[in-house]
Amino acid sequence: MGSKAIKIALILLSASFVTIMLILPLVTVLTYSMRQGWRIFVSYITDYYTIKALNLTLLAAAVTLAVNTVFGIFSAWSITKFRFRGKQALTTLIDIPFSISPIIAGLVFILIFGRIGWAYPLMEAWNVKIVFAVPGIVLATVFVTFPFVSRELIPLMQSQGSEEEEAAALMGASGFLIFRKITFPHIKWGLLYGVILCAARALGEFGAVSVVSGHLRGKTNTLPLHVEVLFNEFKLTASFAVASILVVIAIIVLILRNIVEYRLKREDG
Amino acid sequence: MYVELKNLNKRFGGFQASDNVSFGVGKGKLIGLLGPSGSGKTTILRMIAGLETPDSGDIFIGGTRMNDLPPAKRGIGLVFQNYALFRYMTVFDNIAFGLTVRKKDKKYIRDRVSELIKFIGLEGLEKRRPHQLSGGQKQRVAFARALAPNPHLLLLDEPFAAIDAKVRKELRSWLRDTINKVGITSVFVTHDQEEAVEVADEIVITNNGRVEQVGTPIEIYKDPKTPFAAGFIGKSVTISDYGKLRGFEKIEGFESALLRPESVHIMKPQKELYPHASQRGIVEDIFFKGDTLELRVNLDGQKLIAYQSLDGAAFSVGDEISVLIYRLYLLGENTVRLAENRSIKSEGNFFI
């Protein structure tokens, strides 16, 4: 009897918490952005600068995913399949982006590539602009999201062990064939899960990108930054409309994540 | 010698996994590397396979030095402890893998794999995935996969460890027969002395990274060269004060002795055979072992184990019995010496 009451109380508590903290804000964003009607909403989200920001966000996310997928696979592979000195240190270092503030990550790039940075003359000589330009945004996004894929793969590859790979190597299979035929089938869902988490974070990244971007509208403004810019200009409806694009992307990612999570569980069982 | 290991050393950090390991394997022989876990037997196997590189020493297979050859070029088949079957491939693809990698002709691969599947008696299971097979079936597939590319040397790492006791016995004789049929030189690793004795032509006993003794199971059983080998093969109890046993005297340099249950004969006191060679003990416990009785006997404070046939005299706990000890293995620092019961000899007749 008592346990049933506790059960109901706990369910109610968590349901109302989720409603107030998570669902309510999302619904507010969507309803507020529709406040002036569908036509206005569409005009806001098809605005030139919004489309530019969306493209930049997608570009940064795409590059980030490519880089971090490759990096994640390589690092997880080296950590789980080889013995070497400093392995523990490498594992810890990979987690740095999770433990430091994104703002600091952004500042680091300013300090390296900015006008006062030590790499500035070098970049100047090669005629590459990093800070307050697209490469800086991509760099910051990569930095902030790079642990996702390897964090997801390391436990998975550890549990698989390296015997199957050794067996294949013993029979003369090349490294790439071993990866394609033996390692990849085992990690594909975990990899996809890591990639999705990475994508969600890359699309929504604000802090680090905000520092290196310079907020040049139509040039270095990503979607989250564009929301802030509009908000600061008191264009509330427009800013909420743009935010609703991010909400929709988040919901799509959430659904994808659930599908992949389901497949991952089935693979285990 | 077909396989020849010379002074192999391997160190993992502060752990000496192989300490001057040398031994040879004759062509067509089935050799068991036997030792407790951590004794370095798997390291030896992995060095032969090329999965570990020795710090020093030479590995010869068929007269060729293998140290600098990659694993795939050594002509070796390896059966892993947990089989390491490719879990996302069918039985057929698993066995075919080594041939596909070597870019063999499609028809040849099909024929060779079918032949092997028939050989291991798993016809009809070609399309199964490893997780749909029993432990014994997995082992057979692993075995066929290792044999598919026609290796000259087969290595097996704890081939029976992951299988339950009943199937294990069956598989042991199956593996032995099959290896004999194929005629391939084989080395397997085990920590189970019963398994090594039953399966191997010759046993290499390892301990702390060193080779303690090499010989046929009978040789090692009858004539162990080191205290470790004496204690590891067969069942035994250690007796510290063996000079007190009737028929034996303390020898300088041999601090203790090993007594095997099969060297102990127990009798009812009234049916004593050699009164001068026997002494009285008390039965402390009796265990039924399925086909014999195992008795724990207290002999003046010294515990020992004796076997009694189910058809022999019946004893019960607390009985006074007459105990006759035929022989002991005296353990020195690094040597073993066989000691027979002198009192039997002096009486001038033999026990039949």
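Residues numbered from 1 in each chain as written. Chains lettered and ligands numbered in written order. Predicted model: local features only at pLDDT ≥ 70, side-chain atom pairs only at ≥ 80, totals over all residues.

## Here's the deal with the overall build of chain A
Piece 1. Across its full length, chain A carries 14 helices and 0 strands.
Piece 2. Ordered by position from the N terminus, the helices and strands of chain A form the series α-α-α-α-α-α-α-α-α-α-α-α-α-α.
Piece 3. C-alpha extents for chain A along the principal axes are approximately 75 × 65 × 30 Å.
Piece 4. Looking at chain A as a whole, 36% of its 269 residues are labelled buried.
Piece 5. When contacts within chain A are restricted to residue pairs at least 6 apart in sequence, long-range pairs at least 24 apart make up 75% of them. (Helix = DSSP H or I, 4+ residues; strand = E, 2+ residues; numbered from the N terminus. Buried ≥ 20, exposed ≤ 12 C-beta atoms within 10 Å, placed from the backbone. Contact = placed C-beta atoms within 7 Å.)

## Remarks on the interface of chain A and chain B
Piece 1. Every contact between the two is made by 14 residues of chain A and, on the other side, 16 residues of chain B.
Piece 2. Those elements giving two or more residues to the side of chain A that touches chain B turn out to be α10 (163-170) and α11 (175-204) of chain A.
Piece 3. For the side of chain A that touches chain B, the element with the highest residue contribution is α10(A), accounting for 7 residues.
Piece 4. The residue inventory of the side of chain A that touches chain B, partitioned by class, reads 9 nonpolar, 2 polar and 3 charged. (Nonpolar A, V, L, I, M, F, W, Y, C, P; charged D, E, K, R; others polar.)

## Quick notes on the pairing of strand β10 (residues 210-215) of chain B
Side chains on a regular strand alternate between the two faces of the sheet.
All names here are of chain B.
Piece 1. Sheet analysis places strand β9 (residues 202-207) next to β10, joined by 5 bridges and oriented antiparallel. The residue bridging Thr206 from the neighbouring strand is Val211, located in β10.
Piece 2. What sits between β9 and β10 in their antiparallel hairpin is a turn of 2 residues, with Asn208 showing a positive phi close to 50 degrees. (Pairing = 2+ DSSP bridges.)

## Some words on the sheet that holds strand β4 (residues 56-61) of chain B
Residues and elements named next belong to chain B.
Piece 1. Read from one edge to the other, the open sheet built from 4 strands follows the order β2-β1-β4-β5, with strand pairing classed as antiparallel. The outermost strands of the open sheet, each flanked by one partner alone, are β2 (15-25) and β5 (64-65).
Piece 2. Sheet analysis places strand β1 (residues 3-12) next to β2, joined by 7 bridges and oriented antiparallel. Looking at β2, one finds that Phe12 is bridged to Phe15.

## Here's the deal with the domain arrangement of chain B
Piece 1. Domains assigned within chain B are domain 1 (3-225) and domain 2 (237-347).
Piece 2. Each of domain 1 of chain B and domain 2 of chain B was reduced to a C-alpha centroid, and the two centroids are 40 Å apart. (Domains from an automatic or database assignment.)

## Regarding the environment of B:Arg87
All names here are of chain B.
Piece 1. Topologically, Arg87 is positioned in the loop between β6 (76-79) and α2 (91-101).
Piece 2. Assessed through the 14 C-beta atoms surrounding it within 10 Å, Arg87 is described here as partly exposed.
Piece 3. A sequence separation of 44 residues divides Arg87 from His131, and the C-alpha atoms of the two residues are 7.1 Å apart.

## Quick notes on the sheet that holds strand β17 (residues 320-325) of chain B
All names here are of chain B.
Piece 1. As summarised here, the arrangement of the 5 strands in space is β13-β17-β14-β15-β16, forming an open sheet in which the pairing is antiparallel. Both edges of this open sheet fall to β13 (264-267) and β16 (302-309), since each of them pairs with a single strand only. With strand direction ignored, the average angle separating the axes of adjacent strands in the sheet is 45 degrees.
Piece 2. Relative to β17, β13 is paired through 4 bridges, and the arrangement is antiparallel. Across the sheet, residue Met267 finds its bridge partner in β17, namely Ser322. (Axes fitted to C-alpha atoms, helices over the stretch in contact; angles between N-to-C directions.)

## Details of the packing of helix α3 (residues 48-81) of chain A against helix α8 (residues 134-145) of chain A
Residue and element names in this part refer to chain A.
Piece 1. Put simply, α3 and α8 touch, their axes get as near as 9 Å, and they point 50 degrees apart. With respect to their mutual orientation, α3 and α8 come out oblique. Along this stretch, α3 crosses α8, giving a crossing that reads as right-handed. Across the interface between the two elements, Leu56, Ala60, Val63, Thr64, Val67 and Asn68 from α3 touch Val134, Ile137, Val138, Thr141, Val142 and Thr145 from α8. (Parallel < 35°, antiparallel > 145°, perpendicular 65-115°, else oblique. Left-handed = near helix turned anticlockwise from the far one by under 90°.)

## Quick look at the domain arrangement of chain A
Residue and element names in this part refer to chain A.
Piece 1. Partitioning chain A into domains gives domain 1 (1-33) and domain 2 (38-268).
Piece 2. For domain 1 versus domain 2, the distance between C-alpha centres works out to 30 Å.
Piece 3. Taken together, the contact pairs 5 residues of domain 1 with 7 residues of domain 2.
Piece 4. Among the residues making up the side of domain 1 that touches domain 2, the classes are represented as 4 nonpolar, 1 polar and no charged.

## Some points on the pairing of strand β18 (residues 327-331) of chain B
Residues and elements named next belong to chain B.
Piece 1. Of all 5 residues making up β18, 4 are buried, and the element is well covered by its neighbours.
Piece 2. Sheet topology places strand β12 (residues 256-259) next to β18; 3 bridges connect them, and they run antiparallel. Within β18, the residue paired with Ser256 across the bridge is Leu331.
Piece 3. Of the pairings in the sheet, the one linking β18 to strand β19 (residues 336-340) comprises 5 bridges and is antiparallel in character. Note that in β19 the partner of Leu330 across the bridge is Arg337.
Piece 4. Hairpin connection between β18 and β19: a loop of 4 residues separates the two successive antiparallel strands.

## Description of the packing of α3(A) against helix α9 (residues 147-160) of chain A
Residues and elements named next belong to chain A.
Piece 1. Viewed as axis vectors pointing N to C, α3 and α9 meet at an angle of 35 degrees, and their least axial separation amounts to 8 Å. Here α3 and α9 pass one another in a crossing that is right-handed. Contacts between α3 and α9 pair Asn68, Thr69, Gly72, Ile73, Ser75, Ala76, Ile79 and Thr80 from the former with Phe148, Val149, Ser150, Leu153, Ile154, Met157 and Gln158 from the latter.
Piece 2. Looking at the contact of α3 with α9 residue by residue, the classes come out as 8 nonpolar, 7 polar and no charged.

## Re the environment of A:Arg263
Piece 1. Within the secondary structure, A:Arg263 is located in helix α14 (residues 236-268).
Piece 2. Linking A:Arg263 and A:Tyr193, residues 70 residues apart in sequence, is a C-alpha distance of 9.9 Å.

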